[in-house]
Amino acid sequence: MEKQIEKAVNAALAQFESISGKSVGEFQDKISTVFDSEKGFMDKVADLDAAFDDEPSLENLREVFFDLLMVNFFSEDVHKLEEDYLETPEWEEIENQTIDRGTELLNVLLYIQECEDEDIQPELEDFLKEFLLVDEDEFQDEHRIYEDMIANQVLMESNVEEISKVAASLSEESEIGDLFYPVMCFFLQTTPEEDEVQEVINYSQEPDFDAVVYSMLVAFNEGE
């Protein structure tokens with residue numbers, strides 16, 4: 001497993017344990033085995049799903065961990081394969097099979113990696129305009145998906161409580177609704193102190209998801 005991703009996995013599961021009071025040590029071992037495996041990507045996906053099938057209390061994190069598995073593939077596994085593998089019919093078939101998997105968190109994770117490569121700090125405006133290119137005509141799908149974040153960029157001058165209020169007011173049809181609170185909190189506080197993490201937990205409507213995702217992003221952003 002890529003070290004940055006290992007930190008993110010460990011931080012996420014530690015936060016889940018802290019909030020829920022449930023031990024997930026056995027699950028964590030299974031996840032490590034999946035990510036470290038030399039199997040093909042779809043076999044890893046099957047093993048990841050099997051681990052979540054055995055741990056229903058973590059079901060709401062299944063697709064988030066799929067995102068991490070995908071990033072790990074891009075960071076580690078793809079270098080062991082033939083050059084230009086991502087342009088082969090085999091990878092195209094994998095993309096077709098997994099088109100409904102994962103979440104928009106994948107884009108945030110890839111953006112954080114790009115920030116690390118360019119030695120800059122993650123910022124919401126940069127993510128939206130320079131990474132997702134939401135202002136460009138050919139990227140209007142992204143504009144539609146991230147519309148609620150685009151419309152609420154002023155929250156970066158506010159606080160976690162205000163983010164929570166806006167998150168609670170979003171339409172059920174919002175395509176970024178589930179991730180709005182933890183991702184906006186991350187862009188507000190990318191390197192939080194302990195009391196700031198607790199604030200994110202306190203204002204969350206679903207802390208066993210929001211705080212886990214937030215902690216995952218913070219740890220991922222810390223790098224190796």
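Residues numbered from 1 in each chain as written. Predicted model: local features only at pLDDT ≥ 70, side-chain atom pairs only at ≥ 80, totals over all residues. Heavy atoms only, no water.

A. Up close: the environment of E175. With respect to the helices, strands and loops of the structure, E175 is situated in the loop between helix 10 (160–169) and helix 11 (177–188). The exposure class of E175 is partly exposed, given its relative accessible area of 47%. Note: C-alpha distance between E175 and P122 (53 residues apart in sequence) is 22 Å. Once you skip the residues sitting within four places of it in the chain, E175 turns out to touch R144 and I145. (Helix = DSSP H or I, 4+ residues; strand = E, 2+ residues; numbered from the N terminus. Buried < 20%, exposed > 50% of the residue type's maximum accessible area, 1.4 Å probe, protein only. Contact = heavy atoms within 4.5 Å.)

B. Layout of unusual backbone geometry. Phi is positive for D119, close to 55 degrees, though the residue is something other than glycine. Secondary-structure assignment places D119 in the loop between helix 6 (105–118) and helix 7 (124–131). Even without a glycine there, the phi angle at L133 is positive, about 55 degrees. By secondary structure assignment, the location of L133 is in the loop between helix 7 and helix 8 (140–145).

C. Molecular detail of the packing of helix 6 against helix 13 (residues 207–222). Axis separation between helix 6 and helix 13 bottoms out at 10 Å; the angle between their running directions is 20 degrees. Here helix 13 runs roughly parallel to helix 6, going by the angle between their axes. Viewed along their axes, helix 6 and helix 13 form a crossing whose handedness is right-handed. Contacts between helix 6 and helix 13 involve L105, V108, L109, I112 and Q113 from the former and V213, M216, L217, F220 and N221 from the latter. Across the contact of helix 6 with helix 13, the residue classes tally to eight nonpolar, two polar and no charged. (Axes fitted to C-alpha atoms, helices over the stretch in contact; angles between N-to-C directions. Parallel < 35°, antiparallel > 145°, perpendicular 65-115°, else oblique. Left-handed = near helix turned anticlockwise from the far one by under 90°. Nonpolar A, V, L, I, M, F, W, Y, C, P; charged D, E, K, R; others polar.)

D. Expanded view of helix 6. Given a rise of 1.5 Å per residue, 14 residues ought to cover 20 Å, and the 20 Å separating the end C-alpha atoms of helix 6 matches this to within 8%. Three or more residues of helix 6 are buried, namely L105, V108, L109, Y111, I112, Q113 and C115. Summarising the contacts, the buried residues of helix 6 are in contact with helix 1 (3–20), helix 4 (62–75), helix 7, helix 11 and helix 13. Looking one or two residues past helix 6, D119 carries a phi angle of roughly 55 degrees, positive in sign. (Expected span 1.5 Å × (residues − 1).)

The values reported here are purely geometric and, on their own, carry no functional implication.
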